[in-house]
Amino acid sequence: GAGVSQSPSNKVTEKGKDVELRCDPISGHTALYWYRQSLGQGLEFLIYFQGNSAPDKSGLPSDRFSAERTGGSVSTLTIQRTQQEDSAVYLCASSLGAAAYNEQFFGPGTRLTVL
Amino acid sequence: EDQVTQSPEALRLQEGESSSLNCSYTVSGLRGLFWYRQDPGKGPEFLFTLYSAGEEKEKERLKATLTKKESFLHITAPKPEDSATYLCAVQANYGGSQGNLIFGKGTKLSVKP
């Protein structure tokens with residue numbers, strides 16, 4: 001079956017522009033996560049959606065970052081007024097639920113470069 | 001503060017030379033400890049979940065073990081195709097609602113033929 005897909009695979013933008021990154025989770029997975037992987041750093045949690053509950057936004061680094069999940073499926077991460085420090089690989093993961101026995105399956109990521 | 005530390009940062013082995021990767025963690029209640037493999041330009045690929053001290057899991061040449069403070073990923077007789085970055089992550093117990101993983105920075109393994 002299809003895994004987690006993300007688009008675009010690469011995005012180059014200019015400082016100050018807004019960008020939208022898309023994630024299509026595995027069908028039937030109720031939990032969806034966004035992580036960021038910067039050069040030389042570990043994966044950093046950004047935001048978490050579980051079913052119809054309010055998202056856990058505790059990992060978002062600033063109010064320029066926001067995310068939505070429509071219809072319990074597709075998610076969009078939006079970064080407004082991009083800065084050079086936003087350059088990173090943005091990874092999306094999904095799982096059947098939030099319990100530890102539900103492993104998280106990752107997409108291939110979107111590499112964002114802010115010039 | 002919950003954190004995960006992996007060592008070494010990089011490890012170079014000859015094919016067939018067994019070794020271990022370390023993952024030390026500090027977490028307020030462990031729900032699970034995870035090992036992932038990440039190849040360049042790809043997302044992490046799930047390997048194992050460990051839940052409690054003393055638990056062990058194996059898959060081909062890999063064996064993961066867990067104590068109350070750390071986990072080891074043992075690689076027996078590695079092959080060049082085992083070359084990748086190995087990531088360790090923990091999921092903390094915050095009362096049942098939070099599912100995000102806390103990752104270490106990874107160990108980059110290179111296996112030379």
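Above this text is the structure in question.
About the thresholds
Each chain carries its own residue numbering, running from 1 in the direction its sequence is written. To label them, take the chains in the order written and letter them from A, then take the ligands in the order written and number them from 1. The model is predicted, so local features are restricted to residues of pLDDT at least 70 and side-chain atom pairs to those at 80 or more, both for listing and for counting; the totals for chains, interfaces and linings are taken over all residues. The side-chain numbers reported here are obtained from all heavy atoms of the structure, hydrogens and water having been left aside. Any Lys or Arg side-chain nitrogen located within 4 Å of an Asp or Glu carboxyl oxygen qualifies as a salt bridge. Using a 1.4 Å probe on the protein chains alone, a residue whose accessible area is under 20% of its type maximum counts as buried, one over 50% counts as exposed, and one in between counts as partly exposed. Helix numbers and strand numbers start at the N terminus; a helix is a DSSP run of H or I with at least 4 residues, a strand a run of E with at least 2. Under this definition, polar contacts are N or O atom pairs within 3.5 Å; protein pairs additionally need one hydrogen-donor-capable and one acceptor-capable atom, and for neighbouring residues in sequence, both atoms have to be side-chain atoms. Strands qualify as paired when DSSP identifies two bridges or more between them. By disulfide we mean two sulfur atoms from cysteines, separated by a distance within 2.5 Å. It only takes one pair of heavy atoms within 4.5 Å for two residues to be counted as in contact. Defined here as a combined quantity, buried area equals the accessible surface (1.4 Å probe) lost by two parts on assembly, summed across both. Gly is placed with the polar residues, together with every amino acid not listed as nonpolar (Ala, Val, Leu, Ile, Met, Phe, Trp, Tyr, Cys and Pro) or charged (Asp, Glu, Lys and Arg).

1. Quick notes on the pattern of salt bridges
Residue and element names in this part refer to chain B. On inspection of all chains with the given rule, the structure shows seven salt bridges over all chains. With its nearest N and O atoms 3.8 Å apart, the salt bridge here joins glutamate 55 to lysine 57. Assessed through its relative accessible area of 29%, lysine 57 is described here as partly exposed.

2. Observations concerning the environment of aspartate 56 of chain A
Residues and elements named next belong to chain A. Looking at the element boundaries, aspartate 56 is found in the loop between strand E5 (43-50) and strand E6 (65-69). Sequence separation between aspartate 56 and tyrosine 33 is 23 residues; the distance between their C-alpha atoms is 9.5 Å. Polar contacts involving the side chain of aspartate 56 include one to the side chain of serine 58, which spans 2.7 Å.

3. Section: the pairing of strand E7 (residues 75-79) of chain A
Moving residue by residue along a regular strand, the side chains alternate between the two faces of the sheet. All names here are of chain A. Of all five residues in E7, four are buried; the element is thus mostly enclosed. The sheet contact formed by strand E3 (residues 19-24) and E7 spans five bridges and is antiparallel. Bridge assignment links arginine 22 to a residue of E7, and that residue is threonine 76. The sheet contact formed by E6 and E7 spans five bridges and is antiparallel. The residue of E7 that forms the bridge with phenylalanine 65 is isoleucine 79. Taken together, E6 and the strand that follows it, E7, pair antiparallel across an intervening segment of five residues, in which glycine 71 is found at a positive phi of about 60 degrees.

4. Overview of the state of the cysteines
All names here are of chain A. For the structure on display, the rule yields two disulfides over all chains. Between cysteine 23 and cysteine 92 runs a disulfide, and the two sulfur atoms are separated by 1.9 Å. On the S-S bond that ties cysteine 23 to cysteine 92, the torsion sits near -65 degrees, and the link is left-handed. Residue cysteine 23 is located in strand E3, and its partner cysteine 92 is located in strand E8 (residues 88-95); the two are separated by 69 residues in the primary sequence. In terms of burial, cysteine 23 and cysteine 92 fall into one category: buried.

5. Here's the deal with the interface of chain B and chain A
Buried accessible area, meaning the area lost when the parts come together, often serves as the stated size of an interface. Between chain B and chain A, the residue contacts involve 22 residues of the former and 21 residues of the latter. When chain B packs against chain A, close to 1600 Å² is buried across both sides, 56% of that on carbon and sulfur atoms. Taken together, the connections running from chain B to chain A amount to zero salt bridges. For the pair chain B and chain A, the interface holds three residue pairs in polar contact (both at pLDDT 80 or more). If one sorts the elements of the side of chain B that touches chain A by residue count, strand E4 (residues 30-38) of chain B sits on top with five residues. The class makeup of the residues in the side of chain B that touches chain A is eight nonpolar, eleven polar and three charged.

6. Comments concerning unusual backbone geometry
The peptide bond linking serine 7 of chain A to proline 8 of chain A adopts the cis configuration, its omega dihedral lying at -10 degrees. By the element assignment, proline 8 of chain A lies in the loop between strand E1 (5-7) and strand E2 (10-13). Along the chain, serine 7 of chain B connects to proline 8 of chain B via a cis peptide bond; the corresponding omega equals -10 degrees. When you line up the elements, proline 8 of chain B lands in the loop between strand E1 (3-7) and strand E2 (10-14). Unusually for a residue other than glycine, arginine 81 of chain A sits at a positive phi of about 45 degrees. Along the chain, the position of arginine 81 of chain A falls in the loop between E7 and E8. The residue alanine 77 of chain B is not glycine, and still its phi comes out positive at about 45 degrees. By the element assignment, alanine 77 of chain B lies in the loop between strand E8 (70-75) and strand E9 (84-92).

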